[in-house]
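These are the residues of each chain, in order.
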Amino acid sequence: MEIIFDCPHCGQELSVDSAGAGQEIKCPTCAETITIPPESTKAAPTPAPEEKEQSSFAAPSAIQSSAAAKVQLHLKVPVHATPAASLIKKSAVPLDAIAKGADKKIRIRTMRHDKCIESGHDKFDEMVSKVLQDIGEPNVVSVHPINYEHFDVQTQKVMNDYGLVIVYRG
């Protein structure tokens, strides 16, 4: 039989074998000296029918015999006849954010220098300017330079080249 009681100093629940009644021990939590009462100051919960059957077949483990393991929680899952309301709602986008274009999706445009050469003329700057004008300055999130390699068919060589990655809302 066990004696279950609370430490009078820190409130820690303790469990001691009944043979220790009346002895003085140190609380494992606060290290204060306490006297074990002659009987439990807490009502021991009665084990469930499944627990009784299990305990007759196997020896109880240290975890099962601890005072903390004897606390039983009786929780219920709510049952609704109709679908329950969502607990987490998506926040509405503020009007000032919509005015700034927050409702538009983030998009990416990659511009390669080698694709902007027409009839031997370099039109990279003109094409970048046109794309940026079409996107609109308020919608541009960022512009990043890139370096890449490509195979030039005319010279039959691998060439290093440059370009831009434009991140925008649109």
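Residues numbered from 1 in each chain as written. Predicted model: local features only at pLDDT ≥ 70, side-chain atom pairs only at ≥ 80, totals over all residues. Heavy atoms only, no water.

A closer look at the overall build of the chain
Worth spelling out the cut-off: Comment: elements are numbered from the N terminus, with helices defined as DSSP H or I runs of at least four residues and strands as E runs of at least two. Classification of residues uses two cut-offs on accessible area relative to the type maximum, computed with a 1.4 Å probe and protein chains only: under 20% is buried, over 50% is exposed, and between them is partly exposed. The contact criterion used is simple: two residues touch if any of their non-hydrogen atoms lie within 4.5 Å. Residue exposure ignores everything except the shown protein chains as possible cover, and the areas themselves are Shrake-Rupley values with a 1.4 Å probe.
From N to C terminus, the chain includes 4 helices and 9 strands. Secondary structure elements of the chain, listed N to C terminal, follow the sequence β-β-β-β-α-α-α-β-β-β-α-β-β. Here the chain holds 170 residues, and 20% of them are scored as buried. When contacts within the chain are restricted to residue pairs at least 6 apart in sequence, those whose partners lie at least 24 apart make up 46%. Summed over its atoms, the accessible surface of the chain is roughly 13600 Å², and 56% of this surface lies on carbon and sulfur atoms.

Some thoughts on a nonpolar patch on the surface
For the record, the criterion: Patch rule: a residue counts if its relative accessible area is over 30% and it has no salt bridge; like charges are joined within 9 Å, and nonpolar side chains (Val, Leu, Ile, Met, Phe, Trp, Tyr) within 5 Å. For salt bridges, the criterion is a side-chain nitrogen of Lys or Arg within 4 Å of an Asp or Glu carboxyl oxygen.
A surface patch of nonpolar side chains, about 320 Å² in accessible area, is lined by Phe 151, Val 153 and Val 158. Relative accessible area serves as the criterion here: at 60%, Val 153 is assigned to the exposed category.

Points about the sheet that holds strand S5 (residues 106-112)
Going by this rule: If DSSP finds at least two bridges between two strands, the strands pair. Every axis in this analysis is a line fitted to C-alpha atoms, fitted for helices over the stretch in contact. Angles between the N-to-C directions lie between 0 and 180 degrees.
Pairing is antiparallel across the open sheet formed by 3 strands, whose spatial order is S5-S9-S8. On the outer flanks of this sheet lie S5 and strand S8 (140-152), each paired with one strand and no other. The mean inter-strand angle of the sheet, taken between neighbouring strand axes irrespective of direction, is 25°. Contacts from helix H4 (residues 124-135) reach S5, S8 and strand S9 (157-169) within the one sheet, and its direction differs from that of S9 by about 15°.

Notes on H4
This is how the line gets drawn: A helix is expected to reach a length of 1.5 Å times the quantity of its residues less one. The arc refers to the directions leading from the helix axis to the C-beta atoms.
Taking 1.5 Å of rise per residue, the 12 residues of H4 would be expected to cover 16 Å, and the 17 Å separating its terminal C-alpha atoms lies within 8% of that figure. Those residues of H4 that sit buried are Phe 124, Val 128, Val 131 and Ile 135. Each buried residue of H4 lies within a common arc of 65° when the element is viewed along its axis, so the set occupies one face. Turned more than 90 degrees away from the buried face of H4 sit Asp 125, Glu 126, Lys 130, Gln 133 and Asp 134, all of them exposed. Buried residues along H4 sit against S5, strand S7 (121-122), S8 and S9. The first or second residue beyond H4 is Gly 136, which carries a positive phi of 95°.

A closer look at the state of the cysteines
Threshold: Any two cysteine sulfur atoms lying within 2.5 Å of each other are counted as a disulfide.
In the structure shown here, the tally under the stated rule is 0 disulfides. With no disulfide of its own, Cys 27 lies 3.7 Å from the sulfur of Cys 30, the closest cysteine sulfur. Residue class for Cys 27 comes out buried when judged on its relative accessible area of 3%. Given the relative accessible area of 26%, Cys 30 is considered partly exposed.

Points about the nonpolar core
Here is the rule: For our purposes a nonpolar core is just a set of buried Ala, Val, Leu, Ile, Met, Phe, Trp, Tyr and Cys residues, chained together by side-chain atoms within 4.5 Å.
Core analysis: the biggest nonpolar cluster contains 9 residues, these being Met 111, Cys 116, Phe 124, Val 128, Val 131, Ile 135, Leu 164, Ile 166 and Tyr 168. Sorting elements by how many residues they give to this core places H4 first, with 4 residues. With residues up to four places along the chain from it excluded, the contact list for Leu 164 reads Arg 109, Thr 110, Met 111, Phe 124, Val 128, Val 143, His 144, Pro 145 and Ile 146. Among the nonpolar cores identified, the runner-up in size contains 8 residues, and Ile 3, Cys 7, Leu 14 and Val 16 belong to it.

Some thoughts on the environment of Ser 18
Relative to the elements of secondary structure, Ser 18 occurs in the loop between strand S2 (13-17) and strand S3 (24-26). In this structure, the C-alpha to C-alpha distance between Ser 18 and Ile 4, residues 14 residues apart in sequence, is 9.2 Å.

Side note on the environment of Gly 11
Position of Gly 11 among the secondary structure elements: in the loop between strand S1 (2-6) and S2. Note on Gly 11: relative accessible area 43%, which makes it partly exposed. Along the chain, Gly 11 and Cys 30 lie 19 residues apart, while their C-alpha atoms are 9.4 Å from each other.

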